[in-house]
Amino acid sequence: MVLVAGVDEAGRGCIIGPLVVAGVVVLKETLPDLVALNVKDSKLLTQKKRNKLFTEITNITQTFKITKIPPFEIDKAVNCQIPLHKLNRLEAKTMAQVIEHLHPDEVYVDAADILEERFATHITEHLTFKPKIISRHKADQLYPIVSAASIIAKVERDQEIENLKTEFGDFGSGYLHDKKTQTFLTEWLKNNKDYPPCVRKSWKPAKKALSERDTTQQKLF
């Protein structure tokens, strides 16, 4: 019996909300069942299709695991003075935690590092066992098992975003290319001393806007 896992993330590039890492594991002989679902990179699917596939995927898998990295942990990693302890390493460590839970014989991961094999090495450093690790860029487009993990991660992150909106108001997608997200951050700083805890304060645009706000206020007094 060979267990095969896929691991991927959602929300790495956003400025609001958690980074969500998800992993799924199936028996190797059931991989064709995932292919039959026509799973794809979650970004290529509508929300309705992702939600439908979420249920179908979890019905096929032996088990799955979701881990959420909150903004303050991301900020801590990004601001760390030790070069190796940055976001890529945090993601590798989190993927290792997911893999440890799934305990597969082989695992396919979407590589965050520019060097695919180095990312696999960083994952291995945090494992207590030695599965075969296939680390590739765009793995969510190459391997259905990673596509499945991508969908699980995206659905979970979408739900997290909706939960945050009930607390902080409608801030759009949480990505900086979204005008609604930009407006939310600007308006929040007009009325508050700092960003809410759902914002990644270490992101350069966030730091820049806060610095400019503070500089403007100093000039007024």
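Predicted model, so just to flag it, every value in this text is computed and none were measured. (Residues numbered from 1 in each chain as written. Predicted model: local features only at pLDDT ≥ 70, side-chain atom pairs only at ≥ 80, totals over all residues. Heavy atoms only, no water.)

1. Comments concerning the pattern of salt bridges
And then number 1: What the rule picks out here adds up to 17 salt bridges.
And then number 2: A salt bridge links Glu-106 to Lys-28, with the shortest nitrogen-to-oxygen separation between them at 3.6 Å. Of this pair, Glu-106 sits in strand β4 (residues 106-110) while Lys-28 sits in the loop between β2 (19-27) and α1 (31-36), placing them 78 residues apart in sequence.
And then number 3: Assessed through its relative accessible area of 11%, Glu-106 is described here as buried.
And then number 4: The partner of Glu-117 in a salt bridge is Arg-136, and the shortest N-O contact between them spans 3.4 Å. In this pair, Glu-117 sits in helix α5 (residues 116-124) while Arg-136 sits in strand β5 (residues 132-136), placing the two residues 19 residues apart along the sequence.
And then number 5: With relative accessibility at 28%, the residue Arg-136 sits in the partly exposed group. (Salt bridge = Lys/Arg side-chain N within 4 Å of Asp/Glu carboxyl O. Helix = DSSP H or I, 4+ residues; strand = E, 2+ residues; numbered from the N terminus. Buried < 20%, exposed > 50% of the residue type's maximum accessible area, 1.4 Å probe, protein only.)

2. Brief notes about helix α2 (residues 47-60)
And then number 1: Between its first and last C-alpha, α2 extends 20 Å over 14 residues, near the 20 Å set by a 1.5 Å rise per residue.
And then number 2: Every buried residue belonging to α2 is among Arg-50, Leu-53, Phe-54, Ile-57 and Ile-60, and all of these are buried.
And then number 3: Contacts made by the buried residues of α2 are with β2, α1 and α7 (144-168). (Expected span 1.5 Å × (residues − 1). Contact = heavy atoms within 4.5 Å.)

3. Regarding the state of the cysteines
And then number 1: Summed over the entire model, instances satisfying the criterion amount to 0 disulfides.
And then number 2: Lacking any disulfide linkage, Cys-14 is separated from the closest cysteine sulfur, that of Cys-198, by 10.0 Å.
And then number 3: Overall, Cys-14 belongs to the buried group, its relative accessible area being 0%. (Disulfide = S-S within 2.5 Å.)

4. Some remarks on the packing of aromatic side chains
And then number 1: Tallying each qualifying case throughout the model produces 5 aromatic pairs.
And then number 2: Measuring from centroid to centroid gives 4.6 Å for Tyr-108 and Tyr-143, while their planes differ by 45°, and the two rings are tilted. Separated by 35 residues along the polypeptide, Tyr-108 in strand β4 and Tyr-143 in the loop between α6 (139-142) and α7 bring together distant segments of the chain.
And then number 3: By relative accessible area, Tyr-108 is classed as buried at 17%.
And then number 4: An aromatic cluster is built from Phe-168, Phe-171, Phe-184 and Trp-188, whose rings are joined through pairwise contacts. (Phe/Tyr/Trp six-rings, centres within 6.5 Å; stacked < 30°, edge-to-face > 60°.)

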